[in-house]
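Spelled out, the chains give:
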Amino acid sequence: MRVVLVGPPGAGKGTQAQFIASHLSIPKISTGDIFRANVSGGTELGKLAKEYMDRGDLVPDEVTVAMVRDRLAEDDAQEGFLLDGFPRNVPQAEVLKKMLAEFGTALDVVLNLVVEDDEVVRRLAGRRTCRSCGKVWHVLFDPPAVEGVCDACGGELFQRDDDREETIRRRLEVYQEQTSPLISFYADEGILQGVDATGPVEEITQRAMSALRRFAD
Ligand code: ADP
Ligand code: ADP
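Residues numbered from 1 in each chain as written. Chains lettered and ligands numbered in written order. Predicted model: local features only at pLDDT ≥ 70, side-chain atom pairs only at ≥ 80, totals over all residues. Heavy atoms only, no water.

(A) Examining the side chain of serine 30 more closely. Considering the arrangement of structural elements, one finds serine 30 in strand β2 (residues 28-30). Reaching out from serine 30, the side chain makes a polar contact with the backbone nitrogen of aspartate 33 at a distance of 3.0 Å. (Helix = DSSP H or I, 4+ residues; strand = E, 2+ residues; numbered from the N terminus. Polar contact = N/O pair within 3.5 Å; in protein donor to acceptor, adjacent residues only side chain to side chain.)

Structure (structure tokens):
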């Protein structure tokens, strides 16, 4: 299955992507994760991306699209994938459509994670990420047993630079202006499924899985 997850920053895309991808046995492809890996690896791509990420802006389309094209050409993505954080504007969605058409395929479904603004801000403000394994925690909603330490691997937890108040505000603006038009884009394509993304993580995963099953029928 070829699936895209959309939703505002902090909606829980990364959290859900890992469970949905594992239920469907497809790779999770997160452009944010790939950019962050390049930033910590000090690559040229990372240096370029960091400038935009720190401001809360989108990395330019040509850079992002080239990166996704390479990733989708890898062997593990041939039978399906779950894209988290891409596309993030209508031009990227149009390129993705063309790219998949070149491979002789198309998206099956786009899941839109729906959460109200106040909740999104609470989720982003308390997000902590493990420096070693990348697992995402929340200081209130999903705290590790020991503050600042990842339960999964013992790594150090940190707050992303772009999860500070001012950058959060900018990212929400960017979402409204550039990303939210994807909802009507994919509704017009007839592949959009809304998922209520409030409540416990496991319940949201169940809702997402039933939406996917409904769509597959
Ligand atoms: P996104 O990838 O959409 O930006 P994340 O998956 O990183 O979102 O989640 C943002 C924050 O919200 C994280 O700290 C995560 O632990 C927390 N979170 C995710 N899902 C829920 C939920 N259902 N209820 C409360 N907090 C959640
Ligand atoms: P969140 O889910 O919290 O919004 P991501 O981890 O998906 O954050 O993205 C973090 C940052 O990486 C974005 O604010 C943006 O600068 C960059 N980025 C990620 N995906 C894309 C994309 N598809 N196009 C452009 N920039 C992107």
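So, next bit.
(B) Inspection of the site of ligand 1 at higher detail. Around ligand 1, 17 residues are found, and the nearest of them are Lys13, Thr15, Arg127, Trp137 and Gly199. A distance of 3.2 Å separates an oxygen atom of ligand 1 from a polar atom in the backbone of alanine 11. One nitrogen or oxygen atom from the side chain of threonine 15 is found 2.6 Å from an oxygen atom belonging to ligand 1. Looking at the shell around ligand 1, the elements with two or more residues in it are α1 (13-24), β6 (136-138) and α9 (201-216). Residues belonging to the shell around ligand 1 are distributed by class as follows: 8 nonpolar, 6 polar and 3 charged. (Near = heavy atom within 4 Å. Nonpolar A, V, L, I, M, F, W, Y, C, P; charged D, E, K, R; others polar.)

(C) A look at the site of ligand 2. Neighbouring ligand 2 are 19 residues, the closest being Thr31, Asp57, Arg88, Arg127 and Arg171. One nitrogen or oxygen atom from the side chain of glutamine 92 is found 2.9 Å from a nitrogen atom belonging to ligand 2. Considering ligand 2 on its own, with 550 Å² of exposed area, one finds that the protein chains cover 97% of that surface. At 4 residues, the largest contribution of residues to the shell around ligand 2 is made by helix α2 (residues 31-41). Each residue belonging to the shell around ligand 2 can be placed in one class, and the counts come to 6 nonpolar, 5 polar and 8 charged. (Areas by Shrake-Rupley, 256 points an atom, 1.4 Å probe, with all protein chains shown as cover.)

(D) The arrangement of the sheet that holds strand β7 (residues 157-158) in detail. Read from one edge to the other, the open sheet built from 3 strands follows the order β6-β5-β7, with strand pairing classed as antiparallel. On the outer flanks of this sheet lie β6 and β7, each paired with one strand and no other. Across 3 bridges, strand β5 (residues 127-130) lies against β6 in antiparallel orientation. Residue pairing for β6: threonine 129 is matched across the bridge by valine 136. Helix α6 (residues 117-125) rests against β5 and β6 of the sheet, and its axis sits at about 40° to β5. (Pairing = 2+ DSSP bridges. Contact = heavy atoms within 4.5 Å. Axes fitted to C-alpha atoms, helices over the stretch in contact; angles between N-to-C directions.)

(E) Quick peek at α6. If you check which residues of α6 are buried, you get Glu119, Val120, Arg123 and Leu124. Along the long axis of α6, the arc covered by the buried residues comes to 130°, so they all point the same way. In α6, the exposed positions that point more than 90 degrees away from the buried face belong to Asp117 and Asp118. Next to the buried residues of α6 lie β5, β6 and α7 (165-179). (Buried < 20%, exposed > 50% of the residue type's maximum accessible area, 1.4 Å probe, protein only. Arc of directions from axis to C-beta.)

(F) Inspection of the nonpolar core at higher detail. Core analysis: the biggest nonpolar cluster contains 23 residues, and Ile20, Leu82, Leu111 and Leu212 have the highest contact counts within it. Contact partners of leucine 111, with chain neighbours within four places excluded, come to Val3, Val4, Leu5, Val6, Ile20, Gln193, Val195, Ala208, Ala211 and Leu212. Of all hydrophobic cores here, the second largest spans 20 residues; its members include Val65, Phe86, Leu96 and Tyr186. (Core = buried A, V, L, I, M, F, W, Y, C linked by side-chain atoms within 4.5 Å.)

(G) How the structure looks around the sheet that holds β2. Spatially, 5 strands are ordered β2-β3-β1-β4-β8 in an open sheet, and the strand pairing comes out parallel. Edge strands, defined here as strands with exactly one partner in the open sheet, are β2 and β8 (192-196). The mean inter-strand angle of the sheet, taken between neighbouring strand axes irrespective of direction, is 25°. Two strands pair when backbone bridges link them, and β2 and strand β3 (residues 81-84) are joined in this way by 3 bridges, in the parallel orientation. Of the residues in β3, the one forming a bridge with isoleucine 29 is leucine 83. Sitting on the sheet, α2 touches β2 and β3, and the angle it makes with β2 is about 60°.

(H) Spatial organisation of the packing of α1 against α9. In contact at an axis separation of 10 Å, α1 and α9 are set at 50° when each is read in the N-to-C sense. Of the possible angle classes, the one that applies to α1 and α9 is oblique. When you trace α1 past α9, the crossing you get is right-handed. Mapping the contact onto sequence places Thr15, Gln16, Phe19, Ile20, His23 and Leu24 in α1 and Val201, Ile204, Thr205, Ala208, Met209 and Leu212 in α9. In the contact of α1 with α9, the residues fall into 8 nonpolar, 4 polar and no charged. (Parallel < 35°, antiparallel > 145°, perpendicular 65-115°, else oblique. Left-handed = near helix turned anticlockwise from the far one by under 90°.)

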